[in-house]
Amino acid sequence: MNVNEIREKSRSVIGPYCKSCMMCNGKACSNKIPGPGAKGTGTVAIKNYDAWQKLEVKMDTIASNNEIDTSFELFGKTFKYPVFAGPVGAVSQHYSDLYNDNSFNEVYVNACAKSGIAAFTGDGLNEEIMIQATRVIKENEGVGVPTIKPWDKETCFEKLKLANESNAFAIAMDIDAAGLPFLQGRIPPAGRKSEAELKEIIDYAKAPFIVKGIMSVEGAQKAINAGAQGIVVSNHGGRVLDGTPATAAVLEEIADKFKGQVKIFVDGGIRSGLDVFKALALGADAVIITRPFVNMIYGAGKEGVEAYVQQLGQELENVMMMTGVSSLKEVSKKNIYK
Ligand SMILES: Cc1cc2nc3c(=O)[nH]c(=O)nc-3n(C[C@H](O)[C@H](O)[C@H](O)COP(=O)(O)O)c2cc1C
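Residues numbered from 1 in each chain as written. Predicted model: local features only at pLDDT ≥ 70, side-chain atom pairs only at ≥ 80, totals over all residues. Heavy atoms only, no water.

**Some remarks on the layout of surface pockets**
As a reminder of what qualifies: Put simply, the grid is 1 Å and covers the protein atoms alone, a cavity is a trapped set of points that fit a 1.4 Å probe, a pocket is an open set with protein on both sides within 12 Å along at least five of seven lines, and lining residues have an atom within 4 Å of a point. Grid points are joined across faces, edges and corners, and a volume is the space filled by probe spheres set on the points. Only DSSP runs of H or I reaching four residues or more are called helices, and only runs of E reaching two or more are called strands; each is numbered from the N terminus. Throughout this entry, Asp, Glu, Lys and Arg are counted as charged residues, while Ala, Val, Leu, Ile, Met, Phe, Trp, Tyr, Cys and Pro are counted as nonpolar. The remaining residues, Gly among them, count as polar.
One number sums up the size of the largest pocket: a volume of about 550 Å³. Looking at the largest pocket, it is lined by 23 residues, and the ones nearest its centre are I175, D176, G213, I214 and G219. Those elements that provide at least two residues to the lining of the largest pocket are helix 7 (195-204), strand 8 (209-214) and helix 8 (217-225). The residue makeup of the lining of the largest pocket, split by class, is ten nonpolar, eight polar and five charged. By volume, the second largest pocket is sized at about 320 Å³.

Structure, rendered in structure tokens:
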């Protein structure tokens, strides 16, 4: 099955909110939470997608016809592409009960590792989710990134302990989850963290720490001060605060300031190898893609992930070939019209 066939197949099993659209652009699910939509007006996810579409790439085929190298080094590991599968929590609530978080992560982590990339795993109120996610990551030789919510200190440390024991090559926190409607007023409590609190958490982590949910130079600076080795320029797909700009709109300024000091990821509306290329051209080291991977798993499990990763890789290679670059390091602002 190809990616479109898998997407079509997922339509009948993915539940009432996600329409498994041919192009996952945030429109049909708009403000559906529960569901994969965005908060409030539901426009931020749409903005994320549209911003990548507005960027245009510069074709240039007068270049040495070297082999195209898409491989990406991160924290001592080599990945096939600069692409990671993003964390998803509460899949049965937001999609359908064909999967729960445990059965989803089992397929997700495994299939991504086999495809030469890595999955971030989501977190939730049920403590079993992190226990199972870290177990699967351990079984996959640490190829996965447990992503912890900004819980109270005690809970964070319990989850970090599991993450440390899993030998995960990196550990993350979606610091912006303070804005998730379903976390408000719940036990364990979650919320904002001061720079000092974040530093304590990062210091306890044995693997390089990635802070997800950065939308400004100031935010990036605070994460770096706290010891982050990676940041994800992300607005959580519009699910935590209405009225934020698209991630593509803030990426360049953040990357101009911090590239080389910290690994810079970006997510939100990235759907194709072409979008991946544009994100790298704006200064990202790598991208994260989430919602389309859910469609792939609901439609075809492991095979869905493999098909999508392969398609993303082929698209990226093709754009690199047609813009005159042969390795990721060569991709820069010169490759897009600005
Ligand atoms: C249903 C759903 C659940 C999510 N759960 C998590 C989560 O547990 N942790 C997290 O860091 N991000 C979570 N996200 C955010 C995504 O990882 C990602 O940041 C966002 O969806 C933007 O990327 P995309 O447009 O490629 O989906 C979730 C997103 C959706 C749609």
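**Observations concerning the sheet that holds strand 6 (residues 145-148)**
The line we're drawing: Pairing between strands requires that DSSP locate at least two bridges from one strand to the other. Every angle, taken between N-to-C directions, lies between 0 and 180 degrees, and every axis is a line fitted to C-alpha atoms, over only the stretch in contact when it is a helix. Residue contacts are counted whenever heavy atoms from the two residues lie within 4.5 Å of one another.
Judged by pairing direction, the barrel is parallel, and its eight strands sit side by side in the order 4-5-6-7-8-9-10-11 before closing back on the first. Taken pair by pair, the neighbouring strands of this sheet meet at an average axis angle of 25 degrees, ignoring direction. Taken together, the four bridges between strand 7 (residues 171-174) and strand 8 define a ladder with parallel strand orientation. Looking at strand 8, one finds that D174 is bridged to K212. With respect to the sheet, helix 7 is in contact with strand 7 and strand 8, its orientation differing from that of strand 8 by roughly 145 degrees. Lying on the sheet, helix 9 (residues 247-258) is in contact with strand 8, strand 9 (230-233) and strand 10 (263-267); it crosses strand 10 at an angle near 180 degrees.

**Overview of the UniProt feature "active site" (unreviewed entry) in the chain**
The line we're drawing: UniProt positions are given in the numbering used here, feature names are shortened, and annotations may be inferred rather than shown by experiment. Identification of polar contacts relies on pairs of N or O atoms within 3.5 Å, with a donor-acceptor requirement for protein atoms, meaning one able to donate a hydrogen and the other able to accept it, and with residues adjacent in sequence counted only if both atoms are side-chain atoms.
Per the UniProt entry, the sites bearing "active site" (unreviewed entry) are H236 in this numbering. With respect to the helices and strands, the residue H236 is situated in the loop between strand 9 and helix 9. Apart from the residues lying within four places of it in its own chain, the contact partners of H236 are K149, D174, D176, A177, L180 and K212. Looking at H236, its side chain comes within polar contact range of the side chain of D176, at 2.9 Å.

**Topic: empty space enclosed by the protein**
Scanning the entire structure with this criterion turns up three cavities of 30 Å³ or more. By volume, the largest cavity amounts to about 410 Å³. Around the largest cavity, the lining is made up of 27 residues, and of these P87, V88, H236, R239 and T290 lie nearest the centre. A breakdown of the residues in the lining of the largest cavity according to their chemical character gives eight nonpolar, eleven polar and eight charged. Counted as a void, the second largest cavity has a volume near 110 Å³. C18, S20, C21, C24 and C29 are the residues nearest the centre of the second largest cavity, which is lined by 14 residues in total. Split by residue class, the lining of the second largest cavity holds seven nonpolar, four polar and three charged.

**Let's talk about helix 5 (residues 128-139)**
Condition: To estimate how far a helix should extend, the number of its residues minus one is multiplied by 1.5 Å. Under the scheme applied here, a residue whose accessible area is under 20% of the maximum for its type counts as buried, over 50% as exposed, and between as partly exposed, the area being computed with a 1.4 Å probe on protein chains only.
Its twelve residues give helix 5 an end-to-end C-alpha distance of 17 Å, which sits within 8% of 16 Å, the value for a rise of 1.5 Å per residue. Listing the buried residues of helix 5 in full gives I129, M130, Q132, A133, T134, V136 and I137. Where helix 5 terminates, the next one or two residues include E141, which has phi positive at roughly 55 degrees.

**Thoughts on the UniProt feature "binding site: FMN" (unreviewed entry) in the chain**
Per the UniProt entry, the sites bearing "binding site: FMN" (unreviewed entry) are K212, S234, H236, D267, G268, G269, I270 and R271 in this numbering. Looking only at the residues we just named, the largest cavity is lined by K212, H236, D267, G268, G269 and R271. Assignment of secondary structure puts G268 in the loop between strand 10 and helix 10 (273-281). With residues up to four places along the chain from it excluded, the contact list for G268 reads N48, W52, T247 and I288. Secondary-structure assignment places I270 in the loop between strand 10 and helix 10. I270 sits in the buried class, given a relative accessible area of 0%. In contact with I270, not counting residues within four places along its chain, are W52, D275, V276, A279, V287, I288, I289 and Y308.

**What to know about the packing of helix 5 against helix 6 (residues 153-165)**
What counts, and what does not: Any angle that falls under 35 degrees is termed roughly parallel, while one over 145 is termed roughly antiparallel, one within 65 to 115 roughly perpendicular, and all others oblique. Crossing handedness follows the turn of the near helix against the far one: under a right angle anticlockwise gives a left-handed crossing, and clockwise gives a right-handed one.
Across the interface, helix 5 lies against helix 6 with an axial gap of 8 Å and an inter-helix angle of 15 degrees. Our classification of the angle between helix 5 and helix 6 gives roughly parallel. Crossing hand, helix 5 versus helix 6: right-handed. Judged by residue contacts, M130, I131, T134 and K138 of helix 5 engage K159, L162, A163 and E165 from helix 6.

**Focus: the packing of aromatic side chains**
Rules: For Phe, Tyr and Trp, where Trp contributes only its six-membered ring, two rings pair if their centres lie within 6.5 Å, and the inter-plane angle classes them as stacked under 30 degrees, edge-to-face over 60, or tilted in between.
A complete count under the given rule lists 13 aromatic pairs for this structure. Ring geometry for F72 versus F84: centroids 6.2 Å apart, planes at 70 degrees, classification edge-to-face. Placement of the pair is F72 in strand 2 (residues 72-74) and F84 in strand 4 (residues 83-85), with a sequence separation of twelve residues. Since its relative accessible area comes to 7%, F72 is described here as buried. Look at Y95 and Y298: their rings are 5.9 Å apart centre to centre, the planes differ by 40 degrees, and that puts the pair in the tilted class. One end of the pair, Y95, is in the loop between helix 3 (91-94) and helix 4 (101-114); the other, Y298, is in helix 11 (residues 291-322), with 203 residues separating them in the sequence. For Y298, a relative accessible area of 4% puts it in the buried group.

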